[in-house]
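Survey of secondary and tertiary structure
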Amino acid sequence: MEARSVDEIPIGEGWQYEPKWDGFRCIAFRDGDEIYLQSKTGQPLARYFPDVVEALAHLTARRFVVDCELAIPIQGHLSFDELQLRLHPAASRVQKLAQAHPAIFIIFDLLGEDRQSYLKRPLRERRASLEKFARDHLKPRGAIRLSPATTAPVVAKKWFDKIGGNLDGVIAKRLDAPYASGERTAVVKIKSIRSADCVVGGFRYASGEKVLGSLLLGLYDDAGLLHHVGFTSAFKASERRALTKKFEGLRKHPGFTGNAPGGPSRWSPERSGEWEPVDPKVVVEVAYDHFTGERFRHGTKIIRWRPDKAPRQCRMDQVEHREGKELALL
């Protein structure tokens, strides 16, 4: 999917704009009493979201396929960390989490109902059918929500101002396009790009060779502890050797004095847990699109090195207190 900044949002007739939610993409199938939840990679999700299965079972609609986002509201905003906790092997643990923080199911496309496929219909027709589906079957502020949509770019831009740092972006879609899984040539993702000055507290080697793979970024809290908040790996091939030599020369424990980098996770099992701590002397300004759960949600891009800035000036207050009110859109 093509990604652009908010200033490059496509304008003109034929576009629909939708919020990009900070959750798990999911396709839900219901055929009578049978309900199946599937991730975008085809993995089953129902066992991790029994609360959503129950909510779908209570809908008056009996046969449908919808494209949605699974999300969990915590204190007025969506928590991706809470979603990750749901992927637990113990059913008892999942049930406890579901009771403490129920998930919501945000529908943005209707792919079929009553054994009729809508996949070849243009988005404008699918959206009209989805809005009718919502009027007939969804309850206001229930567990199953309708994602908003607009054809006015000025409204989509206002979402960024209204919602703040927690909105993952806006999706622009061609109204005349049929539904397409996989490659999306008629879809553009709009990001709100921000920047922050970070301290390099460590690095990882690239897989299989002793050359720099990524720099590990940190920010200081009010107690003076350096916390790992993310990484950057967008280096030119011509720079990697010199950068490797530079940061190898700065190796020094502990690197991070607060939260340190973790090892492999269910989201990145291929990533090595090994990392090299460095003396936190180097400051770099990076561009990022989303900060939540005390870290950058995606990789960052280097804007410039900051030899003019003291590491201790790189503080958490650059990125904190940007939780928005994305639930207001629902």
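For the structure given in this document, a descriptive report is provided here. (Residues numbered from 1 in each chain as written. Predicted model: local features only at pLDDT ≥ 70, side-chain atom pairs only at ≥ 80, totals over all residues. Heavy atoms only, no water.)

Side note on the overall build of the protein
From N to C terminus, the protein includes six helices and 20 strands. Expressed as a percentage of the 330 residues in the protein, the buried residues total 50%. For the protein, the share of sequence-separated contacts (at least 6 apart) that also reach a separation of at least 24 residues comes to 70%. For the protein, the exposed surface amounts to about 16800 Å²; the carbon and sulfur share of it is 50%. (Helix = DSSP H or I, 4+ residues; strand = E, 2+ residues; numbered from the N terminus. Buried < 20%, exposed > 50% of the residue type's maximum accessible area, 1.4 Å probe, protein only. Contact = heavy atoms within 4.5 Å. Areas by Shrake-Rupley, 256 points an atom, 1.4 Å probe, with all protein chains shown as cover.)

A short note on unusual backbone geometry
The peptide bond linking His253 to Pro254 adopts the cis configuration, its omega dihedral lying at 5 degrees. Take Pro254: it is sitting in the loop between α6 (237-248) and β16 (276-277). A positive phi angle, near 50 degrees, is found at Asp114, a position not held by glycine. Note on placement: Asp114 falls in the loop between β8 (104-113) and β9 (116-117). Given the relative accessible area of 53%, Asp114 is considered exposed. Phi at Arg141 is positive, roughly 60 degrees, even though this residue is not glycine.

Observations regarding α6
Taking 1.5 Å per residue, twelve residues should reach 16 Å; α6 reaches 17 Å between its end C-alpha atoms and fits that length. Within the span of α6, buried status applies to Leu243, Thr244 and Phe247. Along α6, the residues classed as buried sweep out an arc of 110 degrees about the axis, all on the same side. Opposite its buried face, α6 presents the exposed residues Ser238, Arg241, Ala242 and Lys245, each directed more than 90 degrees away. Considering only its buried residues, α6 is in contact with β13 (194-205), β14 (212-220) and β20 (301-305). (Expected span 1.5 Å × (residues − 1). Arc of directions from axis to C-beta.)

Remarks on the packing of aromatic side chains
For any two aromatic rings, the description comes down to two numbers: the centre-to-centre distance and the angle of the planes. Applying the stated criterion across every chain yields a total of nine aromatic pairs. With centroids separated by 5.5 Å and ring planes inclined at 85 degrees, the aromatic side chains of Phe24 and Phe80 adopt a geometry described as edge-to-face. Placement of Phe24 in strand β3 (residues 24-31) and of Phe80 in helix α2 (residues 80-86) is noted, with a sequence separation of 56 residues between them. Classification of Phe24 by relative accessible area gives buried; the value is 7%. For the pair Phe203 and Tyr205, a centre-to-centre distance of 5.2 Å together with 85 degrees between the ring planes defines the contact as edge-to-face. Seen from the ring of Trp15, Arg174 lies directly overhead, with NZ or CZ sitting 4.9 Å from the centre. Across the ring face of Phe80, the terminal group of Arg297 is positioned such that the distance to the ring centre comes to 3.7 Å. (Phe/Tyr/Trp six-rings, centres within 6.5 Å; stacked < 30°, edge-to-face > 60°. Lys NZ or Arg CZ within 6 Å of the ring centre and 35° of its normal.)

Things to note about the pairing of strand β2 (residues 15-20)
In terms of burial, β2 is a largely internal element, five of the six residues being buried. Pairing geometry for β2 and strand β11 (residues 169-174), over six bridges, is antiparallel. If you follow Tyr17 over to β11, its bridge partner there is Ala172. (Pairing = 2+ DSSP bridges.)

A word on the nonpolar core
Counting residues in each nonpolar core, the largest one holds 33 residues, and the members touching the most others are Leu37, Phe49, Leu56, Phe105 and Ile107. Taken together, the elements giving at least two residues each to this core come down to β3, β4 (34-39), α1 (50-57), β5 (63-71), α2, β8 and α4 (123-137). When residues in this core are grouped by element, the largest group, four residues, is from β5. Those residues in contact with Phe105, other than ones at most four positions away along the chain, are Cys26, Ala28, Leu37, Val52, Leu56, Val66, Cys68, Glu69, Leu70, Ala143, Ile144 and Arg145. With 32 residues, the next largest nonpolar core counts Leu212, Leu217, Leu243 and Tyr288 among its residues. (Core = buried A, V, L, I, M, F, W, Y, C linked by side-chain atoms within 4.5 Å.)

Re the environment of Tyr220
Here Tyr220 is to be found in strand β14. Residues Tyr220 and Thr257 lie 37 residues apart in sequence; the distance between their C-alpha atoms is 9.2 Å. Residues contacting Tyr220, with those up to four places away along its chain left out, are Val199, Leu225, Leu226, Pro280, Pro311, Arg312, Cys314, Arg315 and Met316.

What to know about the pattern of salt bridges
Taken as a whole, this structure holds 20 salt bridges when the rule is applied. Residue Asp33 pairs with Arg62 through a salt bridge whose shortest N-O separation is 3.1 Å. With Asp33 in the loop between β3 and β4 and Arg62 in the loop between α1 and β5, this residue pair connects regions lying 29 residues apart in the sequence. Overall, Asp33 belongs to the exposed group, its relative accessible area being 68%. Residue classification places Arg62 among the partly exposed residues on the basis of a relative accessible area of 38%. One salt bridge in this structure joins Asp197 and Lys309, with 2.7 Å as the shortest N-O distance. Placement of the pair is Asp197 in strand β13 and Lys309 in the segment after β20, with a sequence separation of 112 residues. The exposure class of Lys309 is buried, given its relative accessible area of 19%. When salt bridges with common partners are traced through the structure, they connect Asp197, Arg306, Asp308 and Lys309 into a single cluster. (Salt bridge = Lys/Arg side-chain N within 4 Å of Asp/Glu carboxyl O.)

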